[in-house]
Each structure stands twice: as structure tokens, then as C-alpha cells.
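# Observations on the model geometry
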Amino acid sequence: ISIEDIVRDSYPQFVDYLADFAKIYADYTRRKQERNLVDYDDLLLFWALMLEASPELGKKIAGLYDHILVDEYQDTNVLQARVLRGMCVTHKNISVVGDDAQSIYSFRGANFRNILDFPKQFPGASVVALEQNYRSTQPILGVTNTLISRAAERFTKNLWTERTGGESPWLVAARDEQQQTKFVVDRILELHEEGTRLSEIAVLFRARPRDWGWIALA
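So, a few notes on the structure that sits alongside this text. (Residues numbered from 1 in each chain as written. Predicted model: local features only at pLDDT ≥ 70, side-chain atom pairs only at ≥ 80, totals over all residues. Heavy atoms only, no water.)

## Remarks on the packing of aromatic side chains
Condition: When two rings of Phe, Tyr or Trp (its six-membered ring) have centres within 6.5 Å they constitute a pair, described as stacked for plane angles under 30 degrees, edge-to-face for angles over 60, and tilted for the intermediate range. Strands here are runs of E lasting at least two residues and helices are runs of H or I lasting at least four, both read from the DSSP assignment and numbered beginning at the N terminus. Look at NZ for Lys and CZ for Arg. If either is within 6 Å of the ring centre and within 35 degrees of the ring normal, a charge sits over the ring.
Under the definition given, this model contains five aromatic pairs. An angle of 50° between the planes, with centres 6.3 Å apart, marks the rings of Trp170 and Phe183 as tilted. On the criterion of sequence distance, the pair formed by Trp170 in the loop between helix H8 (138-149) and helix H9 (177-193) and Phe183 in helix H9 is long-range, its members being 13 residues apart. One residue, Arg108, lies across the ring of Tyr105, its end atom 3.9 Å from the ring centre.

Next up, the structure:
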């Protein structure tokens, strides 16, 4: 798949800048070569090529490790998964931990297919569902389970907790940013008047105030 295809499929708003991207990338690559430098992506690419270009060398490198452990596997990219496959050519001792419902780093190249396709990429792998939750209350997990169940592709799981109490999350539709802000402020005042300390109240937003879309109060 080419860079042009990626931009057209995932970032169509930048199609008109493809020529500029090519010039910037070429200049960036030239400057690295002139200074004999590599960046993080280069390290991954050279690692993968080293494992694949010479089967003998690949086996020697992979043989230095008895076990491979990876956390937050849903946030890995295609190249990182390629490296891991190369690191397991002498054994199949690889364990990954992750949640297919929590992939939030696609903007930096993460591909949730890595975790969904793991059983296919590593035949014989066992999938263990870690369903007990220690952070949330059951009303929150009930809503979460409903949302997760609607995913077209997923690993089947049913989150539960021993923590009881609490209320279900609210879904509040606001006409505009002003109405949304007013709701948040009014709700904070209500909680405070009911005895909740301000230090126990948090307002969460995606990136900056004008992008508020999901708000959580506790």
C-alpha cells in the first residue's frame, strides 16, 4: 500500500498536499543521510529488515530471547507487529496484553487489527479474557458492555466488578458549545451544593475546550 493510498483513504483532507509531503519527506531523508542519523521509525524498519533479510542472522537475534512480552498491544503498528513475528522465528513464546476496545492511537499509526489478528498470526495462541474490572462500578461497566457488544469485530468479553453503587453515565445532547458549557458548570454547582468537594470533581475533554465531545464528572 502506498502513501498516496493511505492519505486518500484515511486523510482525504490532505490529498491536495501530497506533492508538498513528498518534497518534505525527501528533504528530511536527505538530511538524515547527510548527518548519518536515524529516527525511531528507521530503527523499527532496519530491525525488521535485519530479521528478514538474512534467515541465519534473524534466527541468531531471535534466539537471544526466550520470551517476548508486550503490553498495550492494541496500540502497536503494523511494523512493530512485523518485528515481533521476526523475533519469534525460533520459538513461539510470545504473550501480549491489550484491549481491542481501547485502541485510541490510530492517529500515530496504531492498528487495532494487530490484536484482532493475533491468533491468526501466531497459530495455537490461547486467548484469555480478563473480565474483572477494578476501577469502575457496575453501572458504568453495564453501559460499556452494551457499547462494546455493537462492534462489528471484537473479542467476546463481559466486564464485571465487585464494586457496587454509583449511577449510570449520562448522555447529554447540547445544542452548541455555550449550552454544553452551561450544563457542565450547573452540574458542578449542583454536586458542590450536595456536599461534593471541588477537589473530587473532574471535567474531561478530548483535546481542548472547543473540541468537547465527551464529558465526565465524578
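## Describing the pattern of salt bridges
Short version of the rule: We count a salt bridge whenever a side-chain nitrogen from Lys or Arg sits within 4 Å of a carboxyl oxygen from Asp or Glu.
Counting across every chain of the model gives 16 salt bridges. Taken together, the shared-partner salt bridges in this structure form one network comprising Asp27, Arg30, Arg31, Glu34 and Arg35.

## Some words on the nonpolar core
Stated precisely, the cut-off is as follows: Buried residues of nine kinds, namely Ala, Val, Leu, Ile, Met, Phe, Trp, Tyr and Cys, make up a nonpolar core once their side-chain atoms join them within 4.5 Å. The cut-offs for exposure are 20% and 50% of the maximum accessible area for each residue type, with area from a 1.4 Å probe on protein chains only; residues under the lower value are buried, those over the upper are exposed, and the others partly exposed. We call two residues in contact whenever any of their non-hydrogen atoms come within 4.5 Å of each other.
Ranked by internal contacts, the top residues of the largest apolar core, which has 18 residues, are Ile68, Tyr73, Leu84, Met87 and Ile94. At the level of elements, helix H3 (40-53), strand S1 (68-70), helix H5 (78-86) and helix H6 (113-116) are the ones that each hand at least two residues to this core. Sort the elements by how many residues they give to this core and H5 lands first, with four residues. Ignoring sequence-local partners within four residues, the contact set of Tyr73 consists of Ala81, Leu84, Val96, Val97, Gly98, Asn114, Ile115, Phe118 and Gln121.

## Here we look at unusual backbone geometry
For Asn36, which is not glycine, the phi torsion reads 55° and is therefore positive. Positionally, Asn36 belongs in the loop between helix H2 (18-35) and H3. Of the residues examined, Asn36 reaches a relative accessible area of 72% and is grouped as exposed. If you check the backbone angles, Glu72 has positive phi at about 50° while not being a glycine.

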